[in-house]
Amino acid sequence: MKPIYMDHHATTPLDPRVLEIMLPYLQEHFGNPSSSTHIYGEIAKKAVEAAREQVVQLLNAQNPAEIIFTSCATESNNMVLKGAVALSKVENPEIITIATEHKAILDTLKRLNRQGVVTRLAKIDKYGIVDLDSIKEMINDRTILITIQAANSEIGTLQPLRSIGQIAKEHNIPFHTDAVQALGKIKVDVEKDHIDFLSISAHKMYGPKGVGALYLRKGHRIAPLLDGGGQERGVRSGTLNVPGIIGLGKAAEIAGSDLTGEADRVRQLRDMLINGVLERIDQTTLNGHPTLRLPNNANLSFSYIEGESLILACKAFAVSTGSACSSETLKSSYVLKAIGVPDSLAHSSIRFGLGKSNTKEDITLLLDTLEKNVKRLRDMSPLYEMAQQGIDVDKFEWGEHKH
Amino acid sequence: MSTFEYSEKVVEHYENPRNVGVLEDANGVGVVGNPTCGDVMKLSIKVENERIVDAKFKTFGCGAAIASSSMLTEMVKGKTLDEVMEITNKAVAEALDGLPKVKLHCSVLAEDALRAAIDDYRKNQKNKH
(Lines give C-alpha, C1' and ligand atoms only; values in the text may rest on other atoms or scores of the structure.)
Protein backbone atom coordinates (compact mmCIF):
# COMPACT_ATOMS: atom_id res chain seq x y z
CA MET A 1 0.00 0.00 0.00
CA LYS A 2 1.23 3.49 -0.80
CA PRO A 3 1.94 5.68 2.22
CA ILE A 4 -0.49 8.42 3.20
CA TYR A 5 0.77 11.62 1.58
CA MET A 6 1.59 14.38 4.07
CA ASP A 7 4.22 16.33 2.18
CA HIS A 8 2.01 18.94 0.53
CA HIS A 9 4.61 21.70 0.92
CA ALA A 10 6.85 19.82 -1.50
CA THR A 11 4.15 19.33 -4.07
CA THR A 12 0.48 18.43 -4.38
CA PRO A 13 -1.37 15.92 -6.55
CA LEU A 14 -3.11 17.23 -9.63
CA ASP A 15 -6.77 18.00 -8.99
CA PRO A 16 -8.87 15.86 -11.40
CA ARG A 17 -10.81 18.97 -12.43
CA VAL A 18 -7.52 20.59 -13.43
CA LEU A 19 -6.41 17.57 -15.42
CA GLU A 20 -9.73 17.42 -17.21
CA ILE A 21 -9.57 21.00 -18.39
CA MET A 22 -5.94 20.63 -19.50
CA LEU A 23 -6.33 17.51 -21.62
CA PRO A 24 -7.83 19.03 -24.80
CA TYR A 25 -4.94 21.51 -24.90
CA LEU A 26 -2.45 18.67 -24.97
CA GLN A 27 -4.30 17.17 -27.92
CA GLU A 28 -6.69 18.84 -30.36
CA HIS A 29 -6.20 22.45 -29.16
CA PHE A 30 -2.49 22.52 -29.78
CA GLY A 31 -2.32 26.00 -31.30
CA ASN A 32 0.21 28.66 -30.39
CA PRO A 33 -1.56 31.66 -28.82
CA SER A 34 1.01 33.98 -30.39
CA SER A 35 -0.06 32.81 -33.81
CA SER A 36 -3.74 33.64 -33.80
CA THR A 37 -4.42 34.42 -37.43
CA HIS A 38 -6.29 31.12 -37.50
CA ILE A 39 -8.64 29.17 -35.33
CA TYR A 40 -5.93 26.99 -33.72
CA GLY A 41 -4.06 29.93 -32.29
CA GLU A 42 -7.23 31.75 -31.42
CA ILE A 43 -8.60 28.91 -29.30
CA ALA A 44 -5.32 28.69 -27.41
CA LYS A 45 -5.16 32.44 -26.92
CA LYS A 46 -8.72 32.63 -25.58
CA ALA A 47 -8.01 29.84 -23.10
CA VAL A 48 -4.78 31.47 -21.92
CA GLU A 49 -6.54 34.80 -21.40
CA ALA A 50 -9.29 33.05 -19.41
CA ALA A 51 -6.60 31.48 -17.22
CA ARG A 52 -4.99 34.87 -16.74
CA GLU A 53 -8.31 36.19 -15.54
CA GLN A 54 -8.58 33.33 -13.04
CA VAL A 55 -5.20 34.28 -11.57
CA VAL A 56 -6.28 37.94 -11.47
CA GLN A 57 -9.31 36.90 -9.41
CA LEU A 58 -7.26 34.86 -6.93
CA LEU A 59 -4.91 37.78 -6.22
CA ASN A 60 -7.42 40.60 -6.59
CA ALA A 61 -5.17 42.12 -9.23
CA GLN A 62 -6.54 45.04 -11.21
CA ASN A 63 -5.49 44.14 -14.70
CA PRO A 64 -4.87 40.86 -16.59
CA ALA A 65 -1.74 42.42 -18.11
CA GLU A 66 -0.22 42.27 -14.63
CA ILE A 67 0.04 38.46 -14.80
CA ILE A 68 3.11 37.02 -16.51
CA PHE A 69 3.18 33.26 -17.03
CA THR A 70 6.50 31.53 -16.26
CA SER A 71 7.82 27.99 -15.90
CA CYS A 72 7.85 27.91 -12.10
CA ALA A 73 8.07 30.11 -9.02
CA THR A 74 11.85 29.76 -9.01
CA GLU A 75 11.86 31.47 -12.38
CA SER A 76 9.46 34.15 -11.11
CA ASN A 77 11.70 34.82 -8.11
CA ASN A 78 14.81 34.99 -10.29
CA MET A 79 13.04 37.31 -12.71
CA VAL A 80 12.10 39.82 -10.05
CA LEU A 81 15.47 39.92 -8.32
CA LYS A 82 17.70 39.86 -11.38
CA GLY A 83 15.28 41.96 -13.41
CA ALA A 84 15.04 44.67 -10.78
CA VAL A 85 18.82 44.79 -10.34
CA ALA A 86 19.37 44.96 -14.11
CA LEU A 87 17.24 48.08 -14.44
CA SER A 88 18.50 49.75 -11.28
CA LYS A 89 20.66 52.82 -11.65
CA VAL A 90 21.76 52.67 -8.02
CA GLU A 91 25.34 51.70 -7.28
CA ASN A 92 25.58 48.69 -4.96
CA PRO A 93 21.80 48.39 -4.72
CA GLU A 94 20.41 46.81 -1.55
CA ILE A 95 17.68 44.20 -1.27
CA ILE A 96 15.99 43.52 2.06
CA THR A 97 14.96 39.95 2.85
CA ILE A 98 15.04 37.38 5.67
CA ALA A 99 17.20 34.33 6.39
CA THR A 100 14.30 31.85 6.12
CA GLU A 101 13.46 32.56 2.48
CA HIS A 102 13.46 29.78 -0.08
CA LYS A 103 16.78 29.07 -1.81
CA ALA A 104 15.31 30.51 -5.02
CA ILE A 105 15.59 33.87 -3.27
CA LEU A 106 18.69 33.35 -1.13
CA ASP A 107 20.87 31.72 -3.77
CA THR A 108 19.77 34.21 -6.41
CA LEU A 109 20.82 36.99 -4.06
CA LYS A 110 24.11 35.23 -3.43
CA ARG A 111 24.83 35.32 -7.15
CA LEU A 112 23.79 38.98 -7.35
CA ASN A 113 26.11 39.78 -4.44
CA ARG A 114 29.01 39.03 -6.78
CA GLN A 115 27.78 41.88 -8.97
CA GLY A 116 27.85 44.27 -6.06
CA VAL A 117 24.28 43.84 -4.84
CA VAL A 118 24.02 43.96 -1.06
CA THR A 119 21.66 41.61 0.78
CA ARG A 120 20.24 43.01 4.00
CA LEU A 121 18.71 40.39 6.30
CA ALA A 122 15.95 41.83 8.46
CA LYS A 123 15.67 40.39 11.96
CA ILE A 124 13.22 37.59 12.67
CA ASP A 125 11.89 36.36 15.99
CA LYS A 126 11.98 32.80 17.33
CA TYR A 127 8.91 31.95 15.26
CA GLY A 128 10.48 33.30 12.10
CA ILE A 129 8.27 36.41 11.94
CA VAL A 130 10.02 39.45 10.54
CA ASP A 131 10.70 42.42 12.79
CA LEU A 132 9.05 45.41 11.09
CA ASP A 133 11.29 47.93 12.83
CA SER A 134 14.30 46.06 11.52
CA ILE A 135 12.98 46.52 7.96
CA LYS A 136 12.45 50.23 8.56
CA GLU A 137 15.95 50.63 9.94
CA MET A 138 17.48 48.94 6.90
CA ILE A 139 15.74 51.07 4.32
CA ASN A 140 17.98 53.70 2.73
CA ASP A 141 18.35 55.41 -0.63
CA ARG A 142 20.11 52.37 -2.09
CA THR A 143 17.24 49.98 -1.24
CA ILE A 144 15.67 48.81 -4.49
CA LEU A 145 13.47 45.95 -3.30
CA ILE A 146 11.98 44.23 -0.27
CA THR A 147 11.38 40.51 -0.79
CA ILE A 148 9.71 38.57 2.00
CA GLN A 149 7.80 35.33 1.60
CA ALA A 150 4.12 35.05 2.46
CA ALA A 151 4.54 31.75 4.30
CA ASN A 152 7.48 29.51 5.09
CA SER A 153 7.54 26.06 3.52
CA GLU A 154 9.19 24.35 6.49
CA ILE A 155 7.76 25.92 9.60
CA GLY A 156 4.60 27.41 8.10
CA THR A 157 5.17 30.85 9.62
CA LEU A 158 3.03 33.58 8.06
CA GLN A 159 4.55 37.01 7.54
CA PRO A 160 2.63 40.26 8.18
CA LEU A 161 2.35 41.04 4.45
CA ARG A 162 0.08 44.03 4.87
CA SER A 163 2.37 45.75 7.35
CA ILE A 164 5.43 45.06 5.23
CA GLY A 165 3.60 46.29 2.15
CA GLN A 166 2.60 49.44 4.01
CA ILE A 167 6.21 50.17 4.96
CA ALA A 168 7.37 49.51 1.39
CA LYS A 169 4.68 51.81 0.01
CA GLU A 170 5.51 54.60 2.43
CA HIS A 171 9.15 54.46 1.35
CA ASN A 172 8.30 54.00 -2.31
CA ILE A 173 10.19 50.70 -2.51
CA PRO A 174 8.76 47.79 -4.50
CA PHE A 175 7.62 44.81 -2.43
CA HIS A 176 7.91 41.25 -3.73
CA THR A 177 6.52 38.19 -2.01
CA ASP A 178 7.04 34.52 -2.82
CA ALA A 179 3.50 33.29 -2.13
CA VAL A 180 3.73 29.70 -3.34
CA GLN A 181 2.91 28.15 0.02
CA ALA A 182 0.21 30.64 0.95
CA LEU A 183 -2.10 30.64 -2.06
CA GLY A 184 -5.24 28.61 -1.48
CA LYS A 185 -4.49 28.51 2.27
CA ILE A 186 -4.70 32.14 3.29
CA LYS A 187 -6.08 35.17 1.48
CA VAL A 188 -3.40 37.15 -0.30
CA ASP A 189 -4.66 40.39 -1.83
CA VAL A 190 -2.15 42.38 -3.85
CA GLU A 191 -4.18 45.56 -3.42
CA LYS A 192 -4.83 45.44 0.31
CA ASP A 193 -1.39 44.00 1.05
CA HIS A 194 0.38 46.57 -1.18
CA ILE A 195 2.26 43.88 -3.10
CA ASP A 196 4.09 44.91 -6.28
CA PHE A 197 5.49 41.52 -7.34
CA LEU A 198 4.23 38.08 -6.35
CA SER A 199 5.49 34.61 -7.30
CA ILE A 200 3.07 31.75 -7.95
CA SER A 201 3.58 28.03 -8.52
CA ALA A 202 0.81 25.81 -9.91
CA HIS A 203 1.97 22.50 -8.46
CA LYS A 204 1.83 23.74 -4.87
CA MET A 205 -1.92 24.26 -5.27
CA TYR A 206 -3.05 21.07 -6.99
CA GLY A 207 -2.03 22.27 -10.44
CA PRO A 208 0.55 20.86 -12.84
CA LYS A 209 4.31 21.08 -12.47
CA GLY A 210 6.34 23.20 -14.87
CA VAL A 211 4.18 26.31 -14.76
CA GLY A 212 4.13 29.38 -12.55
CA ALA A 213 3.37 33.05 -12.78
CA LEU A 214 4.58 36.42 -11.67
CA TYR A 215 2.26 39.22 -10.67
CA LEU A 216 3.86 42.43 -11.87
CA ARG A 217 2.05 45.57 -10.76
CA LYS A 218 1.35 48.08 -13.49
CA GLY A 219 3.95 50.83 -13.52
CA HIS A 220 6.77 48.57 -12.33
CA ARG A 221 9.39 47.34 -14.75
CA ILE A 222 11.92 44.55 -14.67
CA ALA A 223 14.42 43.41 -17.28
CA PRO A 224 13.54 40.02 -18.78
CA LEU A 225 15.65 36.90 -18.17
CA LEU A 226 14.74 35.51 -21.57
CA ASP A 227 14.81 37.44 -24.81
CA GLY A 228 13.07 36.16 -27.87
CA GLY A 229 9.63 36.35 -29.38
CA GLY A 230 8.45 39.01 -26.96
CA GLN A 231 5.62 36.99 -25.43
CA GLU A 232 4.08 38.14 -22.14
CA ARG A 233 4.58 41.81 -22.99
CA GLY A 234 8.24 41.19 -23.65
CA VAL A 235 8.91 40.29 -20.02
CA ARG A 236 9.02 36.56 -20.63
CA SER A 237 9.72 35.37 -24.14
CA GLY A 238 9.11 31.78 -25.10
CA THR A 239 6.10 29.94 -26.51
CA LEU A 240 3.45 29.73 -23.85
CA ASN A 241 2.92 26.43 -22.03
CA VAL A 242 -0.76 26.44 -22.93
CA PRO A 243 -1.94 23.27 -21.14
CA GLY A 244 0.11 24.21 -18.08
CA ILE A 245 -1.25 27.74 -18.02
CA ILE A 246 -4.81 26.50 -18.34
CA GLY A 247 -4.14 24.10 -15.48
CA LEU A 248 -2.70 26.94 -13.41
CA GLY A 249 -5.79 29.03 -14.09
CA LYS A 250 -8.15 26.30 -12.97
CA ALA A 251 -5.97 25.55 -9.92
CA ALA A 252 -6.07 29.26 -9.03
CA GLU A 253 -9.86 29.28 -9.28
CA ILE A 254 -10.12 26.22 -7.03
CA ALA A 255 -7.53 27.68 -4.61
CA GLY A 256 -9.72 30.77 -4.24
CA SER A 257 -12.76 28.67 -3.38
CA ASP A 258 -10.72 26.57 -0.94
CA LEU A 259 -10.13 29.59 1.29
CA THR A 260 -13.50 28.95 2.85
CA GLY A 261 -14.22 25.43 4.02
CA GLU A 262 -11.17 23.42 2.99
CA ALA A 263 -8.69 25.71 4.75
CA ASP A 264 -10.72 25.42 7.96
CA ARG A 265 -11.03 21.65 7.63
CA VAL A 266 -7.26 21.26 7.25
CA ARG A 267 -6.63 23.70 10.09
CA GLN A 268 -8.67 21.45 12.38
CA LEU A 269 -6.60 18.44 11.34
CA ARG A 270 -3.41 20.42 11.91
CA ASP A 271 -4.51 21.40 15.40
CA MET A 272 -5.54 17.83 16.15
CA LEU A 273 -2.06 16.70 15.14
CA ILE A 274 -0.13 19.43 16.98
CA ASN A 275 -2.18 19.19 20.17
CA GLY A 276 -2.16 15.39 20.03
CA VAL A 277 1.62 15.22 19.81
CA LEU A 278 2.25 17.86 22.47
CA GLU A 279 -0.23 16.26 24.88
CA ARG A 280 0.54 12.59 24.31
CA ILE A 281 4.32 12.61 23.81
CA ASP A 282 6.56 14.36 26.32
CA GLN A 283 9.63 16.39 25.28
CA THR A 284 8.13 17.49 21.99
CA THR A 285 8.14 21.05 20.66
CA LEU A 286 6.35 22.91 17.91
CA ASN A 287 8.61 24.85 15.56
CA GLY A 288 7.12 28.05 14.20
CA HIS A 289 4.23 30.11 15.52
CA PRO A 290 1.29 28.41 17.27
CA THR A 291 -1.37 30.36 15.37
CA LEU A 292 0.31 32.57 12.76
CA ARG A 293 1.07 29.56 10.60
CA LEU A 294 -0.18 27.86 7.46
CA PRO A 295 -3.36 25.91 8.17
CA ASN A 296 -1.73 22.79 6.73
CA ASN A 297 1.67 22.91 8.42
CA ALA A 298 2.92 21.21 11.56
CA ASN A 299 6.67 21.12 12.24
CA LEU A 300 7.49 19.20 15.40
CA SER A 301 10.69 18.19 17.16
CA PHE A 302 10.85 14.91 19.05
CA SER A 303 13.79 15.27 21.42
CA TYR A 304 16.43 12.53 21.59
CA ILE A 305 15.31 10.92 18.33
CA GLU A 306 16.85 11.49 14.94
CA GLY A 307 14.23 12.59 12.40
CA GLU A 308 15.02 10.15 9.64
CA SER A 309 14.79 7.16 11.96
CA LEU A 310 11.33 8.30 13.03
CA ILE A 311 10.29 8.77 9.42
CA LEU A 312 11.38 5.22 8.66
CA ALA A 313 9.25 4.06 11.55
CA CYS A 314 6.28 6.00 10.19
CA LYS A 315 6.51 4.31 6.82
CA ALA A 316 2.74 4.44 6.38
CA PHE A 317 3.16 8.21 5.96
CA ALA A 318 5.07 10.31 3.43
CA VAL A 319 6.57 13.18 5.44
CA SER A 320 9.89 15.05 5.49
CA THR A 321 12.46 16.04 8.08
CA GLY A 322 14.75 18.96 8.88
CA SER A 323 17.44 16.48 9.80
CA ALA A 324 20.71 16.40 7.96
CA CYS A 325 20.56 12.66 7.65
CA SER A 326 17.82 12.79 5.08
CA SER A 327 19.62 15.19 2.81
CA GLU A 328 22.36 14.58 0.30
CA THR A 329 24.43 17.39 1.78
CA LEU A 330 24.16 16.20 5.40
CA LYS A 331 23.32 19.75 6.46
CA SER A 332 20.41 20.26 8.80
CA SER A 333 17.66 22.76 8.05
CA TYR A 334 18.89 26.33 7.64
CA VAL A 335 15.38 27.54 8.44
CA LEU A 336 15.33 25.89 11.86
CA LYS A 337 18.84 27.19 12.47
CA ALA A 338 17.77 30.72 11.57
CA ILE A 339 15.03 30.70 14.21
CA GLY A 340 17.48 29.46 16.83
CA VAL A 341 16.53 25.77 17.04
CA PRO A 342 19.64 23.92 18.29
CA ASP A 343 21.21 21.42 15.88
CA SER A 344 20.27 18.48 18.07
CA LEU A 345 16.58 19.47 17.87
CA ALA A 346 16.79 20.28 14.16
CA HIS A 347 17.87 16.67 13.64
CA SER A 348 14.79 15.61 15.58
CA SER A 349 12.26 17.57 13.55
CA ILE A 350 9.58 16.36 11.20
CA ARG A 351 7.50 18.47 8.85
CA PHE A 352 3.92 17.41 8.26
CA GLY A 353 2.32 19.10 5.26
CA LEU A 354 -1.38 18.29 5.26
CA GLY A 355 -3.68 18.51 2.28
CA LYS A 356 -6.99 17.69 0.69
CA SER A 357 -6.59 13.93 0.78
CA ASN A 358 -5.93 13.81 4.54
CA THR A 359 -8.67 12.83 6.97
CA LYS A 360 -9.28 12.72 10.68
CA GLU A 361 -8.63 8.97 10.57
CA ASP A 362 -5.19 9.66 9.07
CA ILE A 363 -4.32 11.92 11.99
CA THR A 364 -5.57 9.36 14.52
CA LEU A 365 -3.40 6.68 12.92
CA LEU A 366 -0.44 9.08 12.70
CA LEU A 367 -0.67 10.00 16.39
CA ASP A 368 -0.78 6.34 17.41
CA THR A 369 2.18 5.54 15.15
CA LEU A 370 4.20 8.46 16.47
CA GLU A 371 3.49 7.69 20.11
CA LYS A 372 4.47 4.03 19.71
CA ASN A 373 7.63 4.65 17.70
CA VAL A 374 8.88 7.63 19.67
CA LYS A 375 8.82 5.36 22.69
CA ARG A 376 10.58 2.56 20.80
CA LEU A 377 13.31 4.86 19.47
CA ARG A 378 13.79 6.63 22.79
CA ASP A 379 14.30 3.27 24.48
CA MET A 380 17.10 2.86 21.95
CA SER A 381 18.50 6.39 22.37
CA PRO A 382 21.57 7.04 24.53
CA LEU A 383 20.54 10.71 24.66
CA TYR A 384 17.20 9.87 26.20
CA GLU A 385 18.94 7.67 28.75
CA MET A 386 21.25 10.56 29.65
CA ALA A 387 18.34 12.97 29.91
CA GLN A 388 16.57 10.53 32.24
CA GLN A 389 19.69 10.60 34.42
CA GLY A 390 19.47 14.37 34.55
CA ILE A 391 22.29 15.10 32.11
CA ASP A 392 21.76 18.06 29.77
CA VAL A 393 22.77 16.63 26.40
CA ASP A 394 23.19 20.09 24.88
CA LYS A 395 25.76 21.04 27.52
CA PHE A 396 27.54 17.69 27.72
CA GLU A 397 31.08 17.73 26.36
CA TRP A 398 30.92 15.62 23.24
CA GLY A 399 33.87 14.67 21.12
CA GLU A 400 34.67 16.76 18.10
CA HIS A 401 32.52 16.76 14.96
CA LYS A 402 33.60 14.03 12.61
CA HIS A 403 31.47 15.17 9.70
CA MET B 1 16.68 8.99 2.34
CA SER B 2 13.79 6.59 2.34
CA THR B 3 13.46 2.87 2.86
CA PHE B 4 13.80 2.04 -0.82
CA GLU B 5 17.29 3.52 -0.89
CA TYR B 6 18.41 1.12 1.84
CA SER B 7 19.16 -2.55 1.37
CA GLU B 8 16.63 -5.00 2.75
CA LYS B 9 19.14 -5.96 5.40
CA VAL B 10 19.48 -2.36 6.64
CA VAL B 11 15.72 -2.03 6.91
CA GLU B 12 15.46 -5.41 8.63
CA HIS B 13 18.09 -4.45 11.22
CA TYR B 14 16.50 -1.04 11.68
CA GLU B 15 13.10 -2.59 12.27
CA ASN B 16 14.34 -5.45 14.44
CA PRO B 17 17.57 -4.24 15.97
CA ARG B 18 19.58 -6.89 17.82
CA ASN B 19 21.09 -6.36 21.26
CA VAL B 20 19.49 -3.05 22.19
CA GLY B 21 20.23 -1.75 25.67
CA VAL B 22 23.02 -1.38 28.17
CA LEU B 23 24.86 -4.37 29.68
CA GLU B 24 24.53 -4.26 33.44
CA ASP B 25 27.82 -6.11 33.89
CA ALA B 26 29.75 -4.44 31.09
CA ASN B 27 33.48 -3.98 31.55
CA GLY B 28 33.96 -1.75 28.53
CA VAL B 29 31.76 1.12 27.37
CA GLY B 30 32.29 3.40 24.36
CA VAL B 31 30.24 6.52 23.58
CA VAL B 32 30.99 8.24 20.28
CA GLY B 33 29.36 10.82 18.02
CA ASN B 34 27.74 14.13 18.71
CA PRO B 35 24.06 15.10 18.85
CA THR B 36 24.72 18.23 16.78
CA CYS B 37 25.92 15.94 13.98
CA GLY B 38 22.82 13.82 14.36
CA ASP B 39 24.34 10.59 15.65
CA VAL B 40 25.55 9.19 18.96
CA MET B 41 26.30 5.53 19.68
CA LYS B 42 26.86 3.89 23.02
CA LEU B 43 28.31 0.39 22.94
CA SER B 44 28.75 -1.69 26.05
CA ILE B 45 30.74 -4.93 25.94
CA LYS B 46 31.48 -7.71 28.38
CA VAL B 47 34.91 -9.21 27.90
CA GLU B 48 35.98 -12.53 29.42
CA ASN B 49 39.41 -14.01 28.73
CA GLU B 50 40.04 -11.48 25.98
CA ARG B 51 36.80 -12.52 24.26
CA ILE B 52 33.65 -10.40 23.85
CA VAL B 53 30.97 -12.58 25.35
CA ASP B 54 28.17 -10.02 25.18
CA ALA B 55 27.46 -6.63 23.60
CA LYS B 56 24.61 -4.15 23.62
CA PHE B 57 24.06 -0.78 21.99
CA LYS B 58 22.01 2.37 22.18
CA THR B 59 22.01 4.71 19.22
CA PHE B 60 20.61 8.13 18.42
CA GLY B 61 20.78 8.39 14.67
CA CYS B 62 19.24 7.64 11.33
CA GLY B 63 18.14 4.24 10.09
CA ALA B 64 21.63 3.46 8.78
CA ALA B 65 23.22 4.33 12.13
CA ILE B 66 20.82 2.06 14.01
CA ALA B 67 21.30 -0.79 11.53
CA SER B 68 25.11 -0.39 11.64
CA SER B 69 25.04 -0.51 15.44
CA SER B 70 22.87 -3.59 15.46
CA MET B 71 25.06 -5.34 12.88
CA LEU B 72 28.21 -4.46 14.80
CA THR B 73 26.95 -6.10 18.00
CA GLU B 74 26.24 -9.28 16.03
CA MET B 75 29.68 -9.21 14.46
CA VAL B 76 31.64 -8.78 17.68
CA LYS B 77 29.86 -11.25 19.91
CA GLY B 78 31.97 -14.36 20.54
CA LYS B 79 35.09 -12.91 18.94
CA THR B 80 38.41 -12.30 20.68
CA LEU B 81 39.68 -8.75 21.05
CA ASP B 82 42.34 -9.51 18.45
CA GLU B 83 39.73 -10.76 16.03
CA VAL B 84 37.45 -7.73 16.42
CA MET B 85 40.33 -5.39 15.70
CA GLU B 86 39.98 -6.66 12.14
CA ILE B 87 36.41 -5.33 11.93
CA THR B 88 36.34 -2.10 9.95
CA ASN B 89 33.51 0.20 9.03
CA LYS B 90 33.71 -1.28 5.55
CA ALA B 91 33.06 -4.74 6.92
CA VAL B 92 30.00 -3.47 8.80
CA ALA B 93 28.66 -1.79 5.67
CA GLU B 94 29.31 -4.91 3.59
CA ALA B 95 27.57 -7.11 6.14
CA LEU B 96 24.52 -4.88 5.65
CA ASP B 97 24.70 -5.45 1.87
CA GLY B 98 26.02 -1.92 1.50
CA LEU B 99 25.00 1.54 2.64
CA PRO B 100 24.10 4.55 0.50
CA LYS B 101 27.25 6.62 -0.12
CA VAL B 102 26.12 9.53 2.06
CA LYS B 103 25.51 7.07 4.92
CA LEU B 104 28.90 5.43 5.02
CA HIS B 105 29.83 7.62 7.98
CA CYS B 106 27.23 5.71 10.00
CA SER B 107 29.34 2.57 9.75
CA VAL B 108 32.37 4.65 10.82
CA LEU B 109 30.41 5.52 13.94
CA ALA B 110 30.04 1.81 14.69
CA GLU B 111 33.76 1.17 14.20
CA ASP B 112 34.61 4.16 16.42
CA ALA B 113 32.27 2.89 19.15
CA LEU B 114 33.94 -0.51 19.08
CA ARG B 115 37.43 1.01 19.39
CA ALA B 116 36.23 3.28 22.22
CA ALA B 117 34.64 0.37 24.11
CA ILE B 118 37.83 -1.72 23.82
CA ASP B 119 39.97 1.24 24.92
CA ASP B 120 37.69 1.63 27.91
CA TYR B 121 38.00 -2.07 28.71
CA ARG B 122 41.82 -1.89 28.54
CA LYS B 123 41.82 1.17 30.77
CA ASN B 124 39.59 -0.59 33.29
CA GLN B 125 41.90 -3.62 33.32
CA LYS B 126 44.93 -1.40 33.85
CA ASN B 127 43.27 0.39 36.76
CA LYS B 128 42.47 -2.95 38.38
CA HIS B 129 46.12 -3.92 38.60
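Residues numbered from 1 in each chain as written. Chains lettered and ligands numbered in written order. Predicted model: local features only at pLDDT ≥ 70, side-chain atom pairs only at ≥ 80, totals over all residues. Heavy atoms only, no water.

(A) Main features of the overall build of chain B. Of regular secondary structure, chain B possesses five helices and three strands. Secondary structure elements in chain B, listed N-terminal to C-terminal, are α-β-β-β-α-α-α-α. Its C-alpha atoms give chain B a radius of gyration of 14 Å, within 12% of the compact-globule value 14 Å for 129 residues. Overall, chain B is about 50 × 30 × 20 Å in size when its C-alpha atoms are taken along their principal axes. Expressed as a percentage of its 129 residues, the buried residues of chain B come to 54%. Contacts in chain B between residues far apart in sequence, at least 24 positions, make up 60% of those at least 6 positions apart. (Helix = DSSP H or I, 4+ residues; strand = E, 2+ residues; numbered from the N terminus. Rg over C-alpha atoms; globule rule 2.2 N^0.38 Å. Buried < 20%, exposed > 50% of the residue type's maximum accessible area, 1.4 Å probe, protein only. Contact = heavy atoms within 4.5 Å.)

(B) Spatial organisation of the pattern of salt bridges. All names here are of chain A. Within this structure, the stated rule accounts for 36 salt bridges over all chains. With its nearest N and O atoms 2.9 Å apart, the salt bridge here joins Lys375 to Asp379. Note that Lys375 and Asp379 are positioned in helix 12 (residues 360-379) at a spacing of four residues, about one turn of the helix. Classification of Lys375 by relative accessible area gives exposed; the value is 52%. (Salt bridge = Lys/Arg side-chain N within 4 Å of Asp/Glu carboxyl O.)

(C) Quick peek at a nonpolar patch on the surface. Nonpolar side chains collect at one region of the surface, where Leu14, Leu19, Leu23 and Leu26 of chain A lie side by side and expose about 330 Å² of accessible area between them. Judged by its relative accessible area of 53%, Leu26 of chain A falls in the exposed class. (Patch = residues over 30% accessible without salt bridge, like charges linked within 9 Å, V, L, I, M, F, W, Y side chains within 5 Å. Areas by Shrake-Rupley, 256 points an atom, 1.4 Å probe, with all protein chains shown as cover.)

(D) Looking closely at the side chain of Glu111 of chain B. Residue and element names in this part refer to chain B. When you line up the elements, Glu111 lands in helix 5 (residues 104-128). Given the relative accessible area of 18%, Glu111 is considered buried. If near-sequence neighbours (up to four positions away) are discounted, Glu111 is found in contact with Ile87, Thr88 and Asn89.

(E) Inspection of the interface of chain B and chain A at higher detail. In this assembly, 32 residues from chain B lie in contact with 30 residues from chain A. Here chain B and chain A share an interface that buries about 2800 Å² over both sides, 59% of which is from carbon and sulfur atoms. Looking only at chain B, the three residues that lose the most surface to chain A are Tyr14, Pro35 and Phe60 of chain B, adding up to 22% of its buried area. Linking chain B with chain A are four salt bridges, by the criterion used here. In this structure, Lys58 of chain B and Glu385 of chain A form a salt bridge, with 3.0 Å as the shortest nitrogen-oxygen distance. Where chain B packs against chain A, one counts 16 residue pairs in polar contact (both at pLDDT 80 or more). Among the secondary structure elements, those contributing two or more residues to the side of chain B that touches chain A are helix 1 (8-15), strand 1 (28-34), strand 2 (39-48), strand 3 (51-60), helix 2 (63-76) and helix 5 of chain B. Sort the elements by how many residues they give to the side of chain B that touches chain A and strand 3 of chain B lands first, with four residues. Here the side of chain B that touches chain A is built from residues that sort into 16 nonpolar, ten polar and six charged. (Buried area = accessible area lost by both parts, 1.4 Å probe. Polar contact = N/O pair within 3.5 Å; in protein donor to acceptor, adjacent residues only side chain to side chain. Nonpolar A, V, L, I, M, F, W, Y, C, P; charged D, E, K, R; others polar.)

(F) Just the domain arrangement of chain A, in detail. All names here are of chain A. Partitioning chain A into structural domains gives domain 1 (16-256) and domain 2 (259-400). Each of domain 1 and domain 2 was reduced to a C-alpha centroid, and the two centroids are 31 Å apart. On the domain 2 side, the residues contacting the 31 residues of domain 1 number 22 residues. The junction of domain 1 with domain 2 conceals about 2100 Å² of combined surface from both sides, 62% of it contributed by carbon and sulfur atoms. The largest per-residue losses of area from domain 1 upon contact with domain 2 belong to Glu154, Ile155 and Lys185, which jointly make up 31% of the total buried on that side. Taken together, the connections running from domain 1 to domain 2 amount to zero salt bridges. The interface formed by domain 1 and domain 2 contains eleven residue pairs in polar contact (both at pLDDT 80 or more). For the side of domain 1 that touches domain 2, the elements supplying multiple residues, two or more each, are helix 4 (103-113) and helix 7 (242-258). Here the side of domain 1 that touches domain 2 takes three residues from helix 7, the largest share from any one element. In terms of residue class, the side of domain 1 that touches domain 2 is built from 13 nonpolar, ten polar and eight charged. (Domains from an automatic or database assignment.)

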